[in-house]
Amino acid sequence: MEKCRTGVYPGTFDPVTNGHLDIISRAAKVLDRLIVGVAQNVGKGPLFTLEQRVELTREAVDALNLEGTIIEIRPFNGLLMNFALQQGASVIVRGLRAVSDFEYEFQMAGMNARLDSRVETIFLMASEGSQFISSRFVKEISFLEGKIDSFVPAVVRKALKERFAEGERPW
């Protein structure tokens, strides 16, 4: 019987960007099952509710039409390692945009390894075209009525426009 390689790609996804989708697409090439874990993370003061972030991420991932890998979008709150183990994951996927991301991610991977060495962390470098994309910049540019077409899928552009029309601010 062949072993199913399950991974968790965690994040706040506030909102999901083309950079996130790039990592999801590439992780799908090496995993049989990928759980995109949308973190509650109220400490970051998200623009969208947890339910909205889950739905936006689900719609964006569904539009990718990835075949061959089971991809599930699930909310979570609490310790990432606990969530990974609950999902039956043996891998945590982390995306790196720049060298500046590495130190924090390296420390996090070390802590997670100490919590449970059965779960490995793999790092995927952002593709050249998405290394500079961040949810924070996307929200600011959108709020200031800049063009974000190349940074996020259409469903996210629409959601941001609606949110800012309601008087919300990105910070």
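Look above for the structure.
Residues numbered from 1 in each chain as written. Predicted model: local features only at pLDDT ≥ 70, side-chain atom pairs only at ≥ 80, totals over all residues. Heavy atoms only, no water.

### Quick look at unusual backbone geometry
- In this chain, Asp14 is followed by Pro15 through a cis amide linkage whose omega measures 0 degrees.
- Note on placement: Pro15 falls in the loop between strand 1 (6-11) and helix 1 (18-27).
- Phi is positive for Glu145, close to 65 degrees, though the residue is something other than glycine.
- In this fold, Glu145 is placed in the loop between helix 5 (135-143) and helix 6 (154-165).
- Residue Glu145 is classed as exposed on the basis of its relative accessible area, which comes to 75%. (Helix = DSSP H or I, 4+ residues; strand = E, 2+ residues; numbered from the N terminus. Buried < 20%, exposed > 50% of the residue type's maximum accessible area, 1.4 Å probe, protein only.)

### Comments concerning the packing of aromatic side chains
- The full count for this structure, using the stated rule, is 6 aromatic pairs.
- With a centroid separation of 4.4 Å and an interplanar angle of 15 degrees, the aromatic rings of Phe76 and Phe83 are classed as stacked.
- Residue Phe76 is classed as buried on the basis of its relative accessible area of 10%.
- Taken together, the ring pairs in this structure connect Phe102, Phe106 and Phe123 into an aromatic cluster. (Phe/Tyr/Trp six-rings, centres within 6.5 Å; stacked < 30°, edge-to-face > 60°.)

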